[in-house]
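Each chain, letter by letter, is given below.
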Amino acid sequence: MRALFHGPQGLRLAPAPDPEPRDTQALIEVAAISLNFGELAFRSPDTSADHIPGWDAAGVVRTPARDGSGPAAGTRVVGFGWSGAWAELRAVDTADLAVVPDAVDLGAAGALPVAGVSALQAVRRLGEIEGRRVLVTGASGGVGRFAVQLAALAGAHVIASTGSPERAAGLRELGAAETVRGPKGLTLPVYGVLDTVGGAQLAEAFYRIEDDGVVQAVGRASREPTTIDFELAGTRSARGRLENFNVTGPFGEDLGHLLGLLEAGRLDPQIGWRGPWDAAAEAADALLGRRVRGKAVLDVKESPADR
């Protein structure tokens, strides 16, 4: 098979050995993958040259898991794993797989795992938000656009924060009641914050929460450290909390929930860049350069079920 490697000279396609699934894993013929800011911007320098990266992929089951779990051969699926997605074949734990409805495009399904599940779990961590003000920072990115939609579906008054008015395009259509340029643009405090930026924006957002409000520190897109002045925070509200967020697995159930919303037309994957996987370097450059509104999806090949 071929795989996409992330080496010193950037992304490149090269031959790779086929994966050998464990008993709990299905072997997937990959049709589409999605790129995430985190797996490009924060790649470990210790990763070996033959390591196949990639978290998100959708395709068709070639060989079901030997333990009898998971979907049968020929089933359209989307799955998550901390490596191996950027390849023509991928072994995935069946607990991290979900069946893709016939009406849902595999490329759209492939945009869901990390960004969609992160947004879903972060929204749930806020608790009851119906009728409450919720700020989403970095709202124009992959996680941000899912967070805007999911918080709005939960009944929140969503304020979408972006770096420029141009980046805010389309966010009201996704459910944002307001758009601002950074947390300093808020006119009133907020109950909840879903922060995907980190750095100074995370601190500014924390200073602007209501009493008993909560901040979920979801991402680090700014690649800057965060310094919070708790003396200042104490003058802004009586109390509130800041939580470090990390997405947790298994992913299968949450992916199934998101696919249901997608099939019903209640969720939009917001694919801002799509093309063949031999154009991966172009997609990665656009994603890191903040020129993609939402997700970047690479088509590996047309799957048999989509022909």
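Residues numbered from 1 in each chain as written. Predicted model: local features only at pLDDT ≥ 70, side-chain atom pairs only at ≥ 80, totals over all residues. Heavy atoms only, no water.

**Let's talk about the overall build of the protein chain**
Thinking step 1. The secondary structure content of the protein chain amounts to eight helices and 15 strands.
Thinking step 2. Scaling as 2.2 N^0.38, a compact globule of 307 residues should have a C-alpha radius of gyration of about 19 Å, and the protein chain matches this with 19 Å.
Thinking step 3. Dimensions of the protein chain along its principal axes, counting C-alpha atoms only, are 60 × 40 × 35 Å.
Thinking step 4. Within the protein chain, the proportion of its 307 residues that are buried is 56%.
Thinking step 5. Restricting to contacts in the protein chain with at least 6 residues of sequence separation, those with at least 24 account for 70%. (Helix = DSSP H or I, 4+ residues; strand = E, 2+ residues; numbered from the N terminus. Rg over C-alpha atoms; globule rule 2.2 N^0.38 Å. Buried < 20%, exposed > 50% of the residue type's maximum accessible area, 1.4 Å probe, protein only. Contact = heavy atoms within 4.5 Å.)

**Remarks on the packing of aromatic side chains**
Thinking step 1. Following the criterion strictly, the structure yields four aromatic pairs and no others.
Thinking step 2. With centroids separated by 5.4 Å and ring planes inclined at 85°, the aromatic side chains of Trp 55 and Trp 82 adopt a geometry described as edge-to-face. Of this pair, Trp 55 sits in the loop between helix H1 (37-41) and strand E4 (56-63) while Trp 82 sits in the loop between strand E5 (76-80) and strand E6 (89-93); the two residues are 27 residues apart in sequence, bridging distant segments of the chain.
Thinking step 3. Aromatic side chains Phe 206 and Phe 230 sit 5.8 Å apart centroid to centroid with 70° between the ring planes, which places their arrangement in the edge-to-face category. Of this pair, Phe 206 sits in helix H5 (residues 199-206) while Phe 230 sits in helix H6 (residues 230-236); the two residues are 24 residues apart in sequence, bridging distant segments of the chain.
Thinking step 4. The exposure class of Phe 206 is buried, given its relative accessible area of 8%.
Thinking step 5. Taking the relative accessible area as the measure of exposure, Phe 230 reaches 54% and is therefore exposed. (Phe/Tyr/Trp six-rings, centres within 6.5 Å; stacked < 30°, edge-to-face > 60°.)

**Considerations on the sheet that holds strand E12 (residues 209-217)**
Whether parallel or antiparallel, the strands of a sheet pair through hydrogen bonds between backbone atoms.
Thinking step 1. Across the sheet, which stays open at both edges, the six strands sit in the order E10-E9-E8-E11-E12-E13 with parallel pairing between neighbours. Whereas interior strands pair on both sides, the edge strands pair on one side only; in this sheet they are strand E10 (178-180) and strand E13 (240-244). Taken pair by pair, the neighbouring strands of this sheet meet at an average axis angle of 15°, ignoring direction.
Thinking step 2. In the sheet, strand E9 (residues 157-161) pairs with E10 via three bridges, with the strands oriented parallel. Within the sheet, the bridge partner assigned to Ala 160 lies in E10 and is Thr 179. (Pairing = 2+ DSSP bridges. Axes fitted to C-alpha atoms, helices over the stretch in contact; angles between N-to-C directions.)

**Thoughts on the pairing of strand E3 (residues 25-35)**
Thinking step 1. Burial of E3 is extensive: eleven of the eleven residues sit out of reach of the surface.
Thinking step 2. Of the strand pairs in this sheet, E3 and E6 are connected by five bridges, and their pairing is antiparallel. Bridge assignment links Gln 25 to a residue of E6, and that residue is Asp 93.
Thinking step 3. As defined by bridge partners, E3 adjoins E4 across seven bridges and the pair is classed as antiparallel. Opposite Leu 27, over in E4, you have Thr 63 as the bridge partner.
Thinking step 4. Looking at chain direction, E3 and strand E15 (residues 295-299) are connected through four bridges and run antiparallel. Considered in E15, the bridge of Ala 32 is made with Asp 299.

**Points about the side chain of Thr 94**
Thinking step 1. Topologically, Thr 94 is positioned in the loop between E6 and strand E7 (97-99).
Thinking step 2. On the basis of relative accessibility, which here comes to 15%, the residue Thr 94 falls in the buried class.
Thinking step 3. Those residues within four positions of Thr 94 in sequence are excluded, and the remaining contacts are Thr 24, Ala 26, Ala 65, Ser 69 and Gly 70.

**Some words on unusual backbone geometry**
Thinking step 1. Between Gly 249 and the following residue, Pro 250, the backbone shows a cis peptide bond with an omega angle of 0°.
Thinking step 2. Residue Asp 212 is not a glycine yet carries a positive backbone phi of 65°.
Thinking step 3. As for its position among the elements, Asp 212 is in strand E12.
Thinking step 4. Take Asp 212: its relative accessible area is 41%, and that puts it in the partly exposed class.
Thinking step 5. Backbone geometry at Gln 270 places phi at a positive 55°, although glycine is not the residue there.
Thinking step 6. Tracing the backbone shows Gln 270 in the loop between helix H7 (252-263) and strand E14 (271-276).

**Considerations on the environment of Ala 103**
Thinking step 1. Mapped onto the fold, Ala 103 is located in the loop between E7 and helix H2 (106-110).
Thinking step 2. Counting along the chain gives 160 residues from Ala 103 to Glu 263, while the straight-line C-alpha distance between them is 6.5 Å.

**Here's the deal with the packing of helix H3 (residues 113-125) against helix H4 (residues 142-153)**
Thinking step 1. Where H3 contacts H4, the two axes come as close as 8 Å, and the packing angle between them is 45°. As the angle between them shows, H3 and H4 are arranged oblique. Where H3 crosses over H4, the handedness of that crossing is right-handed. On the side of H3, the interface is formed by Ala 115, Gly 116, Ala 119, Leu 120 and Val 123, while H4 contributes Gly 142, Val 143, Phe 146, Ala 147, Leu 150 and Ala 151.
Thinking step 2. Partitioning the contact of H3 with H4 into residue classes produces nine nonpolar, two polar and no charged. (Parallel < 35°, antiparallel > 145°, perpendicular 65-115°, else oblique. Left-handed = near helix turned anticlockwise from the far one by under 90°. Nonpolar A, V, L, I, M, F, W, Y, C, P; charged D, E, K, R; others polar.)

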